[in-house]
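# Results of the structural survey
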Amino acid sequence: YNERYKTFRRQHVIGKMAAKDCDKVIKKRKIKNSETAKCKEVNTFVIASIKEVCEVCQTMGKPYHKNKTYIESVKTFQLVVCKLKSKGKRLPKCAYRGQECNQHIVLSCEKGLPVHFQRSF
Ligand code: T3P
């Protein structure tokens, strides 16, 4: 598998978690802003199997109207959106507020595999 797919999986796909688990999961999965070495401002977790998320790239997605390079999911997914409580915090003290919702996801895909989480709506 390619490295971008592995990173996507680590950062955005999880079988089960609750909104209150953001801090713990983000730490365990070593999710950070790779450019600034600070805490990542937003990270969305899709609560699903990796198979279901990959299917968005294959049969369960359609072109995202605003930008052809992205694919939006036909169905909604259960999500936990983790948002940093205060911006600019340095590692390792990253404190998040989690929110659960059901939304469509917008991804980019390479060779039928998800490699980037763009947004949800
Ligand atoms: P990455 O590409 O490492 O997954 O957009 C900048 C980063 O924020 C990008 O990181 C994706 C992430 N992000 C979410 O996880 N959820 C969101 O809703 C948005 C807007 C961004």
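Before reading on, note that the structure itself is shown above.
In this text the structure is predicted, and so the values were computed from the model without any measurement.

### Things to note about unusual backbone geometry
A positive phi angle is found at Ala 37, which is not glycine, with a value near 60°. Within the secondary structure, Ala 37 sits in the loop between helix H2 (22-28) and strand S2 (42-47). At Lys 111, a position not held by glycine, the phi torsion is positive, near 50°. Relative to the assigned elements, Lys 111 resides in the loop between strand S7 (105-110) and strand S8 (113-120).

### Things to note about the pattern of salt bridges
Within the structure shown, the criterion is met by eight salt bridges. Between Lys 20 and Asp 21 there is a salt bridge, with its nearest N and O atoms 3.1 Å apart. You can call Lys 20 exposed: its relative accessible area is 72%. Overall, Asp 21 belongs to the buried group, its relative accessible area being 12%. Within this structure, Lys 20, Asp 21 and Lys 24 form a network of salt bridges that share partners.

Basis of the calculations
Residues numbered from 1 in each chain as written. Predicted model: local features only at pLDDT ≥ 70, side-chain atom pairs only at ≥ 80, totals over all residues. Heavy atoms only, no water. Helix = DSSP H or I, 4+ residues; strand = E, 2+ residues; numbered from the N terminus. Salt bridge = Lys/Arg side-chain N within 4 Å of Asp/Glu carboxyl O. Buried < 20%, exposed > 50% of the residue type's maximum accessible area, 1.4 Å probe, protein only.

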